[in-house]
Amino acid sequence: DRGTNALLVSPPTAIPFRYGPASAARHLSEGDAAGIVGVLLPLESLSLDVDTSACLARARALAPDLEVAP
């Protein structure tokens, strides 16, 4: 959904954090407005997040040994 799975901001208050679909574009826009150059890193280790039951099902299919806290 073009969301943000990880965010490194320095200083931590440089831009407001955005959540939900397309948050990556909103973070980049906030950075532009603040004069900060943003960089997207397509890291496989951060390519999936779990924020819906469908995402959890996909994660469980990819990692059957995944333990989920109750």
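The structure under discussion appears in the preceding block.
Residues numbered from 1 in each chain as written. Predicted model: local features only at pLDDT ≥ 70, side-chain atom pairs only at ≥ 80, totals over all residues. Heavy atoms only, no water.

Draft legend 1. Broad picture of the pattern of salt bridges. Counted according to the given criterion, the structure contains one salt bridge. Ionic pairing is found between Arg18 and Glu30, a salt bridge with its closest N-O pair at 2.5 Å. Placement of Arg18 in the segment before helix 1 (23-33) and of Glu30 in helix 1 is noted, with a sequence separation of twelve residues between them. Assessed through its relative accessible area of 32%, Arg18 is described here as partly exposed. (Salt bridge = Lys/Arg side-chain N within 4 Å of Asp/Glu carboxyl O. Helix = DSSP H or I, 4+ residues; strand = E, 2+ residues; numbered from the N terminus. Buried < 20%, exposed > 50% of the residue type's maximum accessible area, 1.4 Å probe, protein only.)

Draft legend 2. Inspection of unusual backbone geometry at higher detail. Along the chain, Ser10 connects to Pro11 via a cis peptide bond; the corresponding omega equals -5°. Here Pro11 shows up in the segment before helix 1. The backbone phi angle of Ala22 is positive, close to 65°, even though this residue is not glycine. Relative to the helices and strands, Ala22 resides in the segment before helix 1.

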